[in-house]
Amino acid sequence: MMMNSERLANVALAGLSLAPMVVNVDPNLNVVLTACLTVYVGCYRSVKPTPPSETMSNEHAMRFPLVGSAMLLSLFLLFKFLSKDLVNAVLTCYFFVLGIAAFSATLLPAIKRFLPNKWNEDLIVWHFPYFRSLEVEFTRSQIVAAIPGTLFCVWYAKQKHWLANNVLGLAFSIQGIEMLSLGSFKTGAILLAGLFVYDIFWVFFTPVMVSVAKSFDAPIKLLFPTADLKRPFSMLGLGDIVIPGIFVALALRFDVSRGKEPQYFKSAFLGYAVGVVSTIIVMNWFQAAQPALLYIVPAVIGCLAVHCIWNGDEKLLLEFDESKTQSTEEVAAKESKKVE
């Protein structure tokens, strides 16, 4: 059931990304559906047989908004005092490499199904010339996945087409939600609360966030074509997908760890959808850029908290630590012993 819903979401996301090339798609509807489908796909891909070996600590969560602010301000100053073309050329090279890795990793599960097991499992170890202590491990399947990834990134670097930008942005978002682990809901609440303040400050009280978003010619935002010649694209930052997305993914893995049908995932996901819709409504009402996390964070945490308190599971949720959960193999082994 989980695999079927994920595949259906993948197909829907691919179709929605390509649709504006063929028909007119309302950008507001496009933003909502694309953001929700991306979070959905990333969440289900984050469910692994073994718990994550590394998770974010409370201290890291507290520092994250400060580090983000420093990086944002640095980019603003770079665009202000250096040539915008020069900065974007350097960033294009950087995201070219990252894009190959992210796009290849996103395609890999689908590609592996059509390749021999030997290609998927046997590792190839490559040592850097002159630096023999540095090595890279990869499989033949990863090499195959890197081919379309490289071709796609070449197209992006040459054309900077909005579709290429979006596909790479979606790959970054899905990989971010899949790979990052908050560890606990307490850490997640700290992170979301900090970025809630961060987003409000940099959007409402300074021109920095909007200025960087408009100047930064890289796949850190999704572009949605509009019929307005003065404003040809609506934008959604990847942070508005990934940051709440990793919290929603934690809710899904919490459900899975208890061996139950996704229930808290549904409430957290519903909160995310409500938050995105609220952002769009307010943005169109005031005709001004809005900090999406202002609406998404309260909606996600609020829906999850209400559902949890209603069921009386608040203690279980607050005490959940993903690094201490058992792998599916361990659970299966215990179950088999009980049967014996």
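It should be emphasised that the depicted structure is a prediction, and the values quoted were computed from it without experimental measurement.

1. Quick notes on the overall build of the protein
Counting its regular elements, the protein contains 14 helices and four strands. The C-alpha atoms of the protein give 21 Å as radius of gyration, which agrees with the globular expectation for 340 residues (20 Å, within 12%). Considering only C-alpha atoms, the protein reaches an extent of 70 × 55 × 40 Å along its principal axes. Per-residue burial for the protein yields a buried fraction of 44% across its 340 residues. Taking the intrachain contacts of the protein between residues at least 6 apart in sequence as the baseline, contacts between residues at least 24 apart amount to 73%. Accessible surface computed for the protein: about 18,700 Å², of which carbon and sulfur atoms make up 67%. One finds the centroid of the 27 positive side-chain charges in the protein at a distance of 5 Å from the centroid of its 25 negative side-chain charges.

2. Digging into the packing of aromatic side chains
The description of two aromatic rings rests on the distance between their centres and on the angle between their planes. Applying the stated criterion to the full structure yields 18 aromatic pairs. Pairing Tyr-44 with Phe-265 gives two aromatic rings, centres 5.4 Å apart and planes at 85 degrees, and the pair type is edge-to-face. Of this pair, Tyr-44 sits in helix 2 (residues 27-45) while Phe-265 sits in helix 11 (residues 264-286), and the two are 221 residues apart along the sequence. When its relative accessible area of 3% is taken as the criterion, Phe-265 is described as buried.

3. Some points on the layout of surface pockets
Once rolled over the atoms, a probe with the size of a water molecule shows which space is left empty. The computed volume of the second largest pocket comes to approximately 800 Å³. Surrounding the second largest pocket, 27 residues form its lining, Asn-10, Arg-45, Thr-106, Leu-107 and Ala-110 being those nearest its centre. Those elements that place two or more of their residues in the lining of the second largest pocket are helix 1 (2-18), helix 2, helix 4 (84-112) and helix 7 (162-179). Of all the elements, helix 1 adds the most residues to the lining of the second largest pocket, at ten residues. Class assignment for the residues of the lining of the second largest pocket results in 18 nonpolar, three polar and six charged.

4. Observations regarding empty space enclosed by the protein
Applying the stated rule across the entire model yields one cavity of 30 Å³ or more. By volume, the largest cavity amounts to about 80 Å³. Around the largest cavity sit Leu-16, Ser-17, Pro-20, Asn-30, Thr-34, Trp-162, Leu-163, Asn-166, Leu-170, Leu-222, Leu-223 and Phe-224, which together line it. For the lining of the largest cavity, the elements supplying multiple residues, two or more each, are helix 1, helix 2, helix 7 and strand 3 (221-225). Per element, the largest residue contribution to the lining of the largest cavity is four residues, and it comes from helix 7.

5. Quick look at helix 3 (residues 58-81)
With 24 residues, helix 3 ought to run about 34 Å at 1.5 Å a step, and its terminal C-alpha atoms sit 36 Å apart, in line with that. Its maximal kink placed at Phe-64, helix 3 deviates by approximately 35 degrees, while the proline Pro-65 follows within four residues. Taken residue by residue, helix 3 has Ala-61, Pro-65, Gly-68, Ser-69, Leu-72, Leu-75, Phe-76 and Phe-79 as its buried positions. Taken together, the buried residues of helix 3 touch helix 4, helix 8 (185-204) and helix 9 (208-215).

6. Comments concerning the environment of Leu-252
Its location among the elements puts Leu-252 in helix 10 (residues 239-257). Looking at Leu-252, the relative accessible area reads 0%, which means it is buried. With 17 residues separating them in the primary sequence, Leu-252 and Phe-269 have C-alpha atoms 9.3 Å apart. If sequence neighbours within four positions are ignored, Leu-252 has contacts with Cys-43, Tyr-44, Val-47, Pro-262 and Phe-265.

7. Looking at the side chain of Thr-92
Mapped onto the elements of the fold, Thr-92 is located in helix 4. One polar contact links the side chain of Thr-92 to the main-chain carbonyl oxygen of Asn-88, over a distance of 2.7 Å. A polar side-chain atom of Thr-92 sits 3.0 Å from a polar atom in the side chain of Lys-160.

8. A look at the pattern of salt bridges
Counted according to the given criterion, the structure contains five salt bridges. The salt bridge partner of Arg-45 is Glu-178, with a shortest N-O separation of 2.9 Å. Linking Arg-45 in helix 2 with Glu-178 in helix 7, this pair joins segments that are 133 residues apart in sequence. Overall, Glu-178 belongs to the buried group, its relative accessible area being 12%. For the salt bridge of Glu-178 with Lys-48, the shortest nitrogen-to-oxygen distance reads 2.6 Å. Here the residue Glu-178 occupies a position in helix 7, and Lys-48 occupies one in the loop between helix 2 and helix 3, the gap between them amounting to 130 residues. If you follow the salt bridges from partner to partner, you end up with Arg-45, Lys-48 and Glu-178 in one network.

9. Some details on the UniProt feature "transmembrane region" (unreviewed entry) in the protein
Sites flagged by UniProt as "transmembrane region" (unreviewed entry) map to residues 61-79, 86-111, 138-157, 189-213, 233-252, 264-286 and 292-310. Helix makes up 100% of residues 61-79 and strand 0%, and the two end C-alpha atoms of the span are 28 Å apart. With 70% helix and 25% strand, residues 233-252 has its two end C-alpha atoms placed 33 Å apart.

10. Digging into the environment of Glu-319
Here Glu-319 is to be found in helix 13 (residues 314-319). Between the C-alpha atom of Glu-319 and that of Lys-80, which follows or precedes it by 239 residues, the distance is 46 Å.

Criteria and cut-off values
Residues numbered from 1 in each chain as written. Predicted model: local features only at pLDDT ≥ 70, side-chain atom pairs only at ≥ 80, totals over all residues. Heavy atoms only, no water. Helix = DSSP H or I, 4+ residues; strand = E, 2+ residues; numbered from the N terminus. Rg over C-alpha atoms; globule rule 2.2 N^0.38 Å. Buried < 20%, exposed > 50% of the residue type's maximum accessible area, 1.4 Å probe, protein only. Contact = heavy atoms within 4.5 Å. Areas by Shrake-Rupley, 256 points an atom, 1.4 Å probe, with all protein chains shown as cover. Lys, Arg positive; Asp, Glu negative; His and termini not counted. Charge placed at Lys NZ, Arg CZ, Asp CG, Glu CD. Phe/Tyr/Trp six-rings, centres within 6.5 Å; stacked < 30°, edge-to-face > 60°. 1 Å grid on protein atoms, 1.4 Å probe; cavity = no way out; pocket = protein on both sides within 12 Å on 5 of 7 lines; lining within 4 Å. Points joined across faces, edges and corners; volume = space filled by probe spheres on them. Nonpolar A, V, L, I, M, F, W, Y, C, P; charged D, E, K, R; others polar. Expected span 1.5 Å × (residues − 1). Bend = angle between axes of the 7 residues up to and from the residue. Polar contact = N/O pair within 3.5 Å; in protein donor to acceptor, adjacent residues only side chain to side chain. Salt bridge = Lys/Arg side-chain N within 4 Å of Asp/Glu carboxyl O. UniProt positions renumbered as here; feature names shortened; annotations may be inferred.

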